[in-house]
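Structural features, examined
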Amino acid sequence: MNVLHFINSFFSDSSHWHGYDGIPTRLREHVQYSLIALAIAAAIGLPVGLLTGHTGRGGNTVAFIATAGRALPSFGLLVLMFVLLGLGLTPVMIPLVVLAVPPILVTTYEAVRSVDPSPVDAARGMGMAESRVLFQVELPVALPLILSGLRSAAIQIVSTATIAAYVSLGGLGRYIVDGLYQRNYEKVVGGATLVAVLALVTLGFFGLVARFTVSPGVRRSAP
Amino acid sequence: MIRIDSVTKRYPDGTVAVDNLSLEIPDRAITVFVGPSGCGKTTTLRMINRMIEPSEGTITIDGKDITQQPVNTLRRSMGYVIQNAGLFQHRTIIDNIATVPRLLGWDKAKARARARELMERVGLDGTLAKRYPYQLSGGQQQRVGVARALAADPPVLLMDEPFSAVDPVVRKGLQDELLRIQDELGKTIVFVTHDIDEAVKIGTMVAVMRTGGHLAQFAPPAELLSNPSDAFVEDFLGADRGIRRLSFFSSAGLDLLTTPIVAVDATAAQIAERSTKDVPYLLVTDVDGRPLGWSEPGALTAGAVDPARLLPYGRPFEHGKESLRAALDGAVLSPTGWAVAVGADGRVTGVVSQQTIGEAIRSAHAEGRSDEKVAG
Amino acid sequence: MSGGLFDIPSDLQNTYWGLVGQHLREALIPVVAGLVVALPIAQLCVRLRWLYPPVLWVTTILYAIPSLAFFVVLIDYTGQTETTVMIPLGVYSLVVFVPAIVDGVRSVPQETLDAATAMGLGPVRRYFQVQLPIAAPAIIAGLRVATVSSISLVSVGMLIGNQGGLGNLLNDGMIYHQNRLVWLSVIGTAVLAILADALLVVVRLLVTPWMPRGTRKPRPVDEPEPVTAALEDAVR
């Protein structure tokens, strides 16, 4: 089958493993951009989500953000930023971050809202300060959902960063975009495989994080 | 002493949850707030630890207004037990119990040691310490809730329908445990329930509240049963008020007959000796003195008594320890109309007729007695 | 260049409304196809409880695969055509629908089902007359996510030989330095998505008059909501 053949020859070509267009370099770039975008999006989304979830205020705004986040076209935003702001990292980072904030924010909000109110009431009754209640009672229980929101955002970032190669970002998307332009399908398919693998590794990574951070008392029946 | 002074709670939409409530909650006793839904009992409780702030009035503890101290200091000085326990599902049992001590700054080891002590005190097996809440039954979780509330040894314990979410058998066990713990610790307990029987069983003082947040009556349970202040309270107390009132009369004053009792290996002479014309039956016991059943003297064949042909002896009561209600119940359960009194070891100490019990009831009423709550 | 706001360069061989049509076609057909395929799969998962976790694994993995990667791998099989774009979008929709339907059907209280059985409703009738209607809100929620995601993702199809509907304008906007075209694309896509979402909300209100408005049902954390919630907001 052609696809497998392409994959095989792409990865066995040793020149693909060196240099600025080599797999290690591109992979590193992709991961770097993704991590930065995720960190920024989390720095925005997590605190806001925690706060609104804890106080319960701003539910309507959150719902609006959810819809808006879904309605904005990722690719369109990338190109828009590019034509408005030109080449560079910032025009790419902005859409990456902006599109990743809604999943984190909304899922964190829902996660905290859906915590059983009984322990929260008991904690207040015991004399815990509000911040303690949020971080020591609500957060540990909301953690699985919050992590799934982060995971969702991470995968979205990896995916959008791939497309961002179109507006000159480096990373693994380069193989696909350049390959399409050059009609070099070996490159295209090789790049696609790498991106897919990276996405799956991200999935696995979050699974591991969940295993280590979520209390066994909370984990019990989650898949 | 916790003093509630003209406290009212009014909500923005106009509902009055608590209406000008004033009463004094005594120290080192269990005070129960009881009433139908919407009577303000839970609201009142939650005003004591300022989970809800009153619209009017003040609450003072030992003279100090509760609004004069930081709210978390107040709350850390009280135990708070709610329905469904509200355990932290992400923490082990032992860490759940150690929560308030840790909040107060105790080091981990000391807090956990204290938690273990409390597990024992509330009747939880030590092996459960490292388990998580989801691994425990409802009754066990409630015990953890109580242990958690007691951890920092607060003088006051607030309990909001803590036993309502478990089945009746478990509930009875928890109620008995609470009474036992109270015997040992002597806390000031404010207890909310909708179950009047629970209130009567465990309360030293009972506050009956009406829908709309009014206090209907505040009295010891015996008084409540004998003198309900109005039709609402009477209605709320339910049926069999008189019989339930008997739980508050001790059986200690009952005169027991010891004559009409024979052992299963009695000789004909002994049987004859024991039969009197006052008592139409003889109680047959086993060789250790434990009751087997009743029989007419003539029907007994010395040396060959068949336990299966004896009349049922009903339910024995512990003389002196159980109440006249238990004695009466025992008498009514036997077709002979006589009750069997036993000691703590189960050995028969005497028998008593319904009539004698009836006379004892009448004189108890006449004396206007109100003994301390007696078991049964 | 002369003329109106909605003029399109001739190399695209289309009008603005033609592009909108292509966009909607490529977005909505996969969604419908995904729903149709998801219904039996979800029903199987409801009946055979052991089937659900592995199916969920597979769908999670499929959803993680970035759209562009998915598109290009298919080029070899279906060429640079609309189909290449629609297959992955169909898969993504499927992946959103299965958990949504399963959760929705499972949310029907057992007592309700028992009552239906006691009244003599057989399994098929129960499914169509009791379970599906009650699961409708969850299914429509899934529809919203799938539709909006699809509309957004169609743009990426531009890279596959201009099969991206309104996304096709993006390339031309860049080459010809006409920001207007880029704005047309972005705003057009966003508006389509919001309209579709609003339409589906109206549909839900019409289809489920029995639902109270604006209730927040507190969800216990151990219910299998995480996947749906997480999928809810990833748009790639």
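Structure: see above.
Everything in this summary refers to the structure shown in the same document. Predicted model, so just to flag it, every value in this text is computed and none were measured.

Scanning chain C from terminus to terminus reveals nine helices and zero strands. Split into buried and exposed, the 236 residues of chain C put 46% on the buried side. In chain C, once contacts between residues fewer than 6 apart in sequence are set aside, the share between residues at least 24 apart is 70%.

Turning our attention to the interface of chain A and chain C. Of the residues lining the interface, 57 residues belong to chain A; the matching set on chain C comes to 46 residues. Taken together, the elements giving at least two residues each to the side of chain A that touches chain C come down to α1 (2-12), α3 (59-71), α4 (74-85), α5 (90-113), α7 (130-163), α8 (173-182) and α9 (185-213) of chain A. Among the elements that make up the side of chain A that touches chain C, the one with the highest residue count is α7(A) (14 residues). Split by residue class, the side of chain A that touches chain C holds 36 nonpolar, 16 polar and five charged.

All names here are of chain B. With antiparallel pairing, the four strands of this open sheet are ordered in space as β2-β1-β4-β5. If you trace the sheet from one side to the other, it starts and ends with β2 (16-25) and β5 (64-65), each paired once. When strand β1 (residues 2-10) meets strand β4 (residues 56-61), the two strands line up antiparallel, connected through five bridges. Bridged to R3 within β4 is T60.

Next up on the list: the interface of chain A and chain B. Taken together, the contacts link 18 residues of chain A with 20 residues of chain B. For the side of chain A that touches chain B, the secondary structure elements donating two or more residues are α6 (117-125), α7 and α10 (216-219) of chain A. It is α6(A) that contributes the most residues to the side of chain A that touches chain B, six residues altogether.

Attention now moves to the sheet that holds strand β15 (residues 338-342) of chain B. All names here are of chain B. Spatially, three strands are ordered β14-β15-β16 in an open sheet, and the strand pairing comes out mixed. If you trace the sheet from one side to the other, it starts and ends with β14 (317-318) and β16 (348-353), each paired once. Strand direction decides the pairing type here: β14 and β15, joined by two bridges, are parallel. Bridging across to β15, F317 finds its partner in A341. Docked against the sheet, helix α13 (residues 324-333) engages β14, β15 and β16, running at close to 130° with respect to β15. On the sheet, helix α14 (residues 354-367) packs against β15 and β16 and is oriented at approximately 80° with respect to β16.

For the rest of this paragraph, the subject is the packing of helix α2 (residues 23-55) of chain A against α7(A). Residues and elements named next belong to chain A. Running from amino to carboxyl end, α2 crosses α7 at an angle of 145°, the nearest separation of the two axes being 9 Å. Seen along the crossing, α2 lies across α7 with a hand that is right-handed. Side by side, α2 and α7 meet where H30, Y33, S34, A37, L38, A41, A42, L50 and H54 of the first sit next to L134, E138, L150, A153, A154, I157, V158 and A161 of the second. For the contact of α2 with α7, the class distribution of residues is 13 nonpolar, three polar and one charged.

The next point concerns the environment of B:V352. Residues and elements named next belong to chain B. Looking at where V352 falls in the secondary structure, it is placed in strand β16. Placed 144 residues apart in sequence, V352 and V208 show a C-alpha to C-alpha distance of 37 Å. Among all residues touching V352, those that are not within four sequence positions of it are L254, L256, L257, A327, W338, A339, A341 and I357.

We now examine the pairing of strand β8 (residues 188-193) of chain B. A regular strand places its side chains on the two faces of the sheet in alternate fashion. Residue and element names in this part refer to chain B. Here β8 lies mainly inside the structure; six of its six residues are buried. Taking every second residue as pointing to the same face, both faces of β8 are buried, with T188, V190 and V192 on one and I189, F191 and T193 on the other. Across five bridges, strand β7 (residues 156-160) lies against β8 in parallel orientation. Across the sheet, the residue bridging to L157 is I189, located in β8. Read as a crossover between parallel neighbours, the route from β7 over helix α7 (residues 168-185) to β8 is right-handed.

In this structure, B:R28 takes a positive phi of about 55° despite not being glycine. Relative to the elements of secondary structure, B:R28 occurs in the loop between β2 and β3 (30-34).

Here we come to the environment of B:Q355. Within the secondary structure, B:Q355 is located in helix α14. Distance in space between the C-alpha atoms of B:Q355 and B:V18 is 47 Å, their sequence separation being 337 residues.

Moving on, we get to the pairing of β16(B). Residues and elements named next belong to chain B. Pairing of β15 with β16, which is carried by five bridges, proceeds in the antiparallel orientation. When the sheet's bridge partners are listed, W338 is paired in β16 with S353. Taken together, β15 and the strand that follows it, β16, pair antiparallel across an intervening segment of five residues, in which G346 is found at a positive phi of about 90°.

Moving on, we get to the packing of α7(A) against α9(A). Residues and elements named next belong to chain A. Between α7 and α9, whose axes approach to 10 Å, the crossing angle comes to 165°. What the angle tells us is that α7 and α9 run roughly antiparallel. Judged by the twist between their axes, the crossing of α7 over α9 is right-handed. On α9, the residues touching L143, P144, L147, L150, R151, A154, I155, V158, S159 and T162 of α7 are V195, L198, A199, T202, L203, F206, V209, A210 and T213.

Cut-offs and rules
- Along each chain, numbering runs from 1 in the same order as the chain's sequence is written.
- By the order in which they are written, chains take letters starting at A while ligands take numbers starting at 1.
- In view of the model being predicted, local features appear only for residues whose pLDDT reaches at least 70, and side-chain atom pairs are presented and counted only at 80 or more, with totals across whole chains, interfaces and linings using the full set of residues.
- The secondary structure listing takes helices from DSSP runs of H or I that are at least 4 residues long and strands from runs of E that are at least 2 residues long, numbered from the N terminus.
- To assign burial, the other C-beta atoms lying within 10 Å of each residue's own C-beta are counted, with C-beta atoms placed from the backbone; 20 or more indicates buried, 12 or fewer indicates exposed, and intermediate counts indicate partly exposed.
- Note that contacts rest on C-beta atoms placed from the backbone: two residues are in contact if these are within 7 Å.
- Gly is put with the polar residues, along with every residue not named as nonpolar or charged; the nonpolar set is Ala, Val, Leu, Ile, Met, Phe, Trp, Tyr, Cys and Pro, and the charged set is Asp, Glu, Lys and Arg.
- When DSSP finds at least two bridges between two strands, those strands are taken to pair.
- Axis geometry follows a simple rule: fit a line to the C-alpha atoms, using only the stretch in contact for helices, then measure angles between N-to-C directions, giving values from 0 to 180 degrees.
- Handedness of a helix crossing follows the sense of rotation of the near helix relative to the far helix, less than a right angle counterclockwise being left-handed and clockwise being right-handed.
- By definition, the crossover connecting two strands over a helix is right-handed if that path, from the first strand to the second, turns clockwise as seen with the strands pointing away from the viewer.
- Working rule for angles: under 35 degrees goes down as roughly parallel, over 145 as roughly antiparallel, 65 to 115 as roughly perpendicular, anything else as oblique.

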